[in-house]
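Observations on the model geometry
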Amino acid sequence: MGTMQIRKYPDSILRQECQAVAEIMDKEIRLFEDMLTTMRSSQGIGLAAPQVGINKRIIVIDIGEGPIKIANPEIIKLGKAKESMGEGCLSVPDAIVDVSRPSEVIIKGLNEKNRPVEIKAKGLLARVILHELDHLNGKLIVDYMSFLRKIDYRLKTRNKLHM
Ligand code: NI
């Protein structure tokens, strides 16, 4: 098990549409574990494969209720009610962005035993699931920023890379 390097905005891998996993094999099981290790060492509560440079539809989550490992997550149902909350992202350092998301979601996917699972989530768990799903579709919290704030953030990021 090892810690992987977390890719940061504006790394182009974060903008790719990720590929579905055909089957959970040893390689994917190792990836789940390495992603959990990486997430925990950065005090994260969720991580998507593109954040460690892997173009696969794989996410891990732990909001303090035990690890969740899902491949090919798909939304079955979204709640109608929405809630807004400040979100951070390990790939978008030093930014908190208010994001409005449905407060309930049901998803299906494959677990680490290659079995189909369904997860019914609300509150923080629903939010983290939807945040990680965004990653698999190349979407980041910067996309929820206002236009001006996004430019400001991009300039700061660029300056940081040049120092
Ligand atoms: Ni994120």
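Residues numbered from 1 in each chain as written. Predicted model: local features only at pLDDT ≥ 70, side-chain atom pairs only at ≥ 80, totals over all residues. Heavy atoms only, no water.

It is worth spelling out the coordination of the nickel ion at this point. At this site the nickel ion is bound by Cys89 (SG), His131 (NE2) and His135 (NE2), with donor distances of 2.1 to 2.2 Å. Donor residues for the nickel ion sit on one chain with the sequence pattern C-x41-H-x3-H. In this pair, Cys89 sits in strand 4 (residues 82–89) while His131 sits in helix 2 (residues 123–136), placing the two residues 42 residues apart along the sequence. Taken individually, Cys89 and His131 each receive the classification buried, so the pair is uniform in this respect. (Donors = N, O, S within 2.8 Å, 3.2 Å for Na, K, Ca; no water. Helix = DSSP H or I, 4+ residues; strand = E, 2+ residues; numbered from the N terminus. Buried < 20%, exposed > 50% of the residue type's maximum accessible area, 1.4 Å probe, protein only.)

With that settled, the discussion passes to the sheet that holds strand 2 (residues 58–61). The five strands are arranged 1-2-3-6-7 in an open sheet whose pairing can be described as antiparallel. Every interior strand has two partners, whereas the edge strands, strand 1 (46–48) and strand 7 (116–122), have only one. Across the sheet, the mean angle from the axis of one strand to that of its neighbour is 40°, orientation sign disregarded. Of the strands in this sheet, strand 1, strand 2 and strand 3 (68–78) touch helix 1 (residues 26–41), which is tilted by about 40° from strand 2. Most of the contacts of helix 2 go to strand 7, to which it runs at about 125°, and overall it touches strand 1, strand 2, strand 3, strand 6 (104–110) and strand 7. (Pairing = 2+ DSSP bridges. Axes fitted to C-alpha atoms, helices over the stretch in contact; angles between N-to-C directions. Contact = heavy atoms within 4.5 Å.)

On to helix 1, then. Three- or four-residue spacings in an α-helix give side chains the same orientation, since the helix completes a turn every 3.6 residues. For helix 1, with 16 residues, the first-to-last C-alpha span of 23 Å sits near the 22 Å given by 1.5 Å per residue. Residues Glu28, Leu31, Phe32, Asp34, Met35, Leu36, Thr38 and Met39 constitute the buried set of helix 1. Just past helix 1, the residue Gln43 takes up positive phi, approximately 60°. (Expected span 1.5 Å × (residues − 1).)

Here the focus is the nonpolar core. Ranked by internal contacts, the top residues of the largest apolar core, which has 16 residues, are Ile59, Ile61, Val105, Ile107, Ile119, Ala121 and Ile129. No other element matches helix 2, which puts seven residues into this core. Not counting residues up to four positions away in its chain, the partners in contact with Ile61 are Met39, Ile45, Gly46, Gly66, Pro67, Ile68, Leu125, Val128, Ile129 and Glu132. One finds Ile24, Met39, Leu47 and Leu110 within the second-largest nonpolar core, a separate group that totals 15 residues. (Core = buried A, V, L, I, M, F, W, Y, C linked by side-chain atoms within 4.5 Å.)

Looking now at helix 2. Given a rise of 1.5 Å per residue, 14 residues ought to cover 20 Å, and the 21 Å separating the end C-alpha atoms of helix 2 matches this to within 8%. Gly138, located one to two residues past helix 2, shows a positive phi value of around 75°.

With that settled, consider the packing of aromatic side chains. Applying the stated criterion across every chain yields a total of one aromatic pair. Taken together, a centroid distance of 5.8 Å and an interplanar angle of 35° make the contact between Tyr9 and Tyr153 tilted. Here Tyr153 lies in helix 3 (residues 147–162) and Tyr9 lies in the segment before helix 1, a separation of 144 residues in the sequence. When its relative accessible area of 6% is taken as the criterion, Tyr9 is described as buried. Overall, the relative accessible area of 9% leaves Tyr153 in the buried class. (Phe/Tyr/Trp six-rings, centres within 6.5 Å; stacked < 30°, edge-to-face > 60°.)

Remember that the coordinates give geometry; whether it matters functionally is a separate question.
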